[in-house]
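One-letter residues, chain by chain:
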Amino acid sequence: RSTVAAVAYGFTTYIPVILAAGHNSKYIALAWAPWMLLAFLYTMERRTIVSGLLFAIALAANLRAGHVQITYYVTFAAGIWWLVEAVHAFRGGDRSDFLRGTGMLVLGSVLGLMMVAQPYMSHAEIAPWTTRGSSAGGGEGGMAWEYAMAWSQGPGELITLLVADAYGGASPTYWGAKTFTGGPHYLGIVTVFFLALGFWKVRDRQTLSLSAALVAMILFALGENLPLVNKPMYAAFPLFDAFRVPETWLSIVALLAALLAARGLASLLNAPEGGKLTDHPWFKVAAGMGALLLALNLFGTSLFDFEKAGERAQIEMQIERANPGVSMTDPRVVQFVDQQLAEITQERIDVFTKDTRRSLVVVIAIALLLFLLSKRTLPYWLVGFLI
């Protein structure tokens, strides 16, 4: 299951997209993100000086990558996990262990920050005069709302977490609200399947913590499209206004989803043999996801328009530049623009249909593997390997 989680996170589409765009520091920070979350959990469970020191090393390594936005997001996920543990500790009476673990986290945080103090203190001196500071950004100690919320994830575009090319993939076939994109945020249909299974079947504090953080970060990724949540956070929560491109929250959603998926897979290890097929949680997940993907395959073209906002005007502008004086109401121009839009729309529909069909086939394959596992025809280790 650890290997499944590593593959699910390491091969999410965001990784190759940022590498192709040259965001190397972000990639390094994302590579260290699981270690930082692991060190946090280890410290909360062991509550020793050694665990605190390990957290300091993981934190410092992540900050040394030089992309503090990713470190901030991982810290936010850990913070939600900490809150769940706090509620449990104060309700259950084991406050001393919780406070000891928290103390070790504080110690590790201080030491970790001290190890990277030199470069970050230099950055802090010039921050007020950058676009992320109050002088240039227009905000009170952060960026202006419009600048900070650029590249917010569209609500409908969240379907790409399930079906990669639902919104056309990368530019120029991309038809979402963002100005352009190097590729979609896609978790992987296998990851989503076992995430759903883990959320349904594994009921404990770890699942609650991961699920709460995952939902919160999806809401933050919507940015300006969900002002009810993000306006108060932008105005009041520390450093929330210091980072732009809200869709970046989805990079940590991929990590949390991978961890939940691993827990979902692990829940099958001691699954009971036999029984009615429809009683198995995995069957219900497969049926639900299969029905959704089948509906998208059959009716998706009526649910989406596959045309980017302002696309017609953009084509007309290109024609006008190449042919000064030509009227956009000329029937030949109108016919040409309609033809261009029809061709690119059809291309997007073809990609959408192909991807929903592929996803459906994968879900059926997973269901077949789990059916063979439930019948003890295949062992758990082999099913995990094939998945």
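The model shown is predicted, which means the values in this text are computed figures rather than measured ones.

1. Structural notes on the overall build of the protein
When its secondary structure is counted, the protein shows 17 helices and 0 strands. If one aligns the C-alpha atoms of the protein with their principal axes, the spans along those axes are about 80 × 65 × 35 Å. Each of the 387 residues in the protein was classed as buried or not, and the buried ones make up 47%. For the protein, contacts bridging at least 24 residues in sequence account for 74% of all contacts bridging at least 6. Total accessible area on the protein stands at roughly 19500 Å², and carbon and sulfur atoms take up 66% of it. In the protein, 28 side chains carry a positive charge and 26 a negative one; their mean positions are 11 Å apart.

2. Considerations on the nonpolar core
Ranked by size, the top nonpolar core spans 100 residues in total, and within it Phe193, Phe194, Trp249, Leu256 and Leu370 carry the most contacts. The dominant element in this core, judged by the number of residues it contributes, is helix 13 (residues 249-266), at 12 residues. Those residues within four positions of Trp249 in sequence are excluded, and the remaining contacts are Tyr72, Tyr73, Phe76, Met217, Phe220, Ala221 and Phe240. In this structure, Ile315, Met328, Val337 and Leu341 belong to the second largest nonpolar core, which totals 6 residues.

3. Overview of the confidence of the model for the protein
Residues of the protein with pLDDT of at least 70 account for 96%, and the chain-wide mean is 91. Between residues 135-139, whose pLDDT stays under 50, and residues either more than four places distant or in other chains, the model counts 16 contacts.

4. A few points about the environment of Ala148
Along the polypeptide, Ala148 turns up in helix 9 (residues 145-148). In this structure, the C-alpha to C-alpha distance between Ala148 and His88, residues 60 residues apart in sequence, is 35 Å. With residues up to four places along the chain from it excluded, the contact list for Ala148 reads Met143, Tyr234, Phe243, Arg244, Val245 and Pro246.

5. What about the packing of aromatic side chains?
What describes a pair of aromatic rings is the distance from one ring centre to the other and the angle between the planes of the rings. Scanning the model with the defined rule gives 25 aromatic pairs in all. Taken together, a centroid distance of 6.0 Å and an interplanar angle of 70° make the contact between Phe304 and Phe306 edge-to-face. Each member of the pair Phe304 and Phe306 is classed as buried. Clustering of aromatic rings is evident, with ring pairs tying together Tyr72, Tyr73, Phe76, Phe220, Phe237, Phe240, Phe243 and Trp249. Lys231 extends its terminal NZ or CZ atom over the ring of Trp145, reaching a point 4.4 Å from the ring centre. A cation over an aromatic ring shows up here: Arg244 above the ring of Tyr147, its NZ or CZ 4.9 Å from the ring centre.

6. A closer look at the side chain of Lys178
Tracing the backbone shows Lys178 in the loop between helix 9 and helix 10 (189-201). With residues up to four places along the chain from it excluded, the contact list for Lys178 reads Trp151, Ser152, Gln153, Glu157, Glu247 and Lys308.

7. Comments concerning helix 14 (residues 281-303)
Along helix 14, the sharpest kink reaches roughly 55°, centred on Asn297. What helix 14 keeps buried is the set Trp282, Val285, Ala286, Met289, Gly290, Leu293, Leu296, Asn297 and Gly300. If you follow the buried residues of helix 14, they end up packed against helix 10 and helix 16 (331-374).

8. Focus: a nonpolar patch on the surface
There is a patch of nonpolar side chains on the surface, built from Leu19, Tyr27, Ile28, Trp32, Trp35 and Leu38 and spanning about 590 Å² of accessible area. Residue contributions to the nonpolar patch peak at 5 residues, all from helix 3 (residues 24-46). Relative to the helices and strands, Leu19 resides in helix 2 (residues 14-20). For Leu19, a relative accessible area of 39% corresponds to the partly exposed category.

9. Looking at unusual backbone geometry
Here Ser171 and Pro172 are connected by a cis peptide whose omega angle stands at 10°. Despite not being glycine, Val245 has its phi angle at roughly 60°, a positive value. Counting through the fold element by element, Val245 comes out in the loop between helix 12 (227-236) and helix 13. Residue class for Val245 comes out buried when judged on its relative accessible area of 16%. Phi is positive for Arg376, which is not a glycine, with a value near 60°. Relative to the assigned elements, Arg376 resides in the loop between helix 16 and helix 17 (380-386). Of the residues examined, Arg376 reaches a relative accessible area of 41% and is grouped as partly exposed.

Conventions used here
Residues numbered from 1 in each chain as written. Predicted model: local features only at pLDDT ≥ 70, side-chain atom pairs only at ≥ 80, totals over all residues. Heavy atoms only, no water. Helix = DSSP H or I, 4+ residues; strand = E, 2+ residues; numbered from the N terminus. Buried < 20%, exposed > 50% of the residue type's maximum accessible area, 1.4 Å probe, protein only. Contact = heavy atoms within 4.5 Å. Areas by Shrake-Rupley, 256 points an atom, 1.4 Å probe, with all protein chains shown as cover. Lys, Arg positive; Asp, Glu negative; His and termini not counted. Charge placed at Lys NZ, Arg CZ, Asp CG, Glu CD. Core = buried A, V, L, I, M, F, W, Y, C linked by side-chain atoms within 4.5 Å. pLDDT = per-residue confidence, 0-100. Phe/Tyr/Trp six-rings, centres within 6.5 Å; stacked < 30°, edge-to-face > 60°. Lys NZ or Arg CZ within 6 Å of the ring centre and 35° of its normal. Bend = angle between axes of the 7 residues up to and from the residue. Patch = residues over 30% accessible without salt bridge, like charges linked within 9 Å, V, L, I, M, F, W, Y side chains within 5 Å. Salt bridge = Lys/Arg side-chain N within 4 Å of Asp/Glu carboxyl O.

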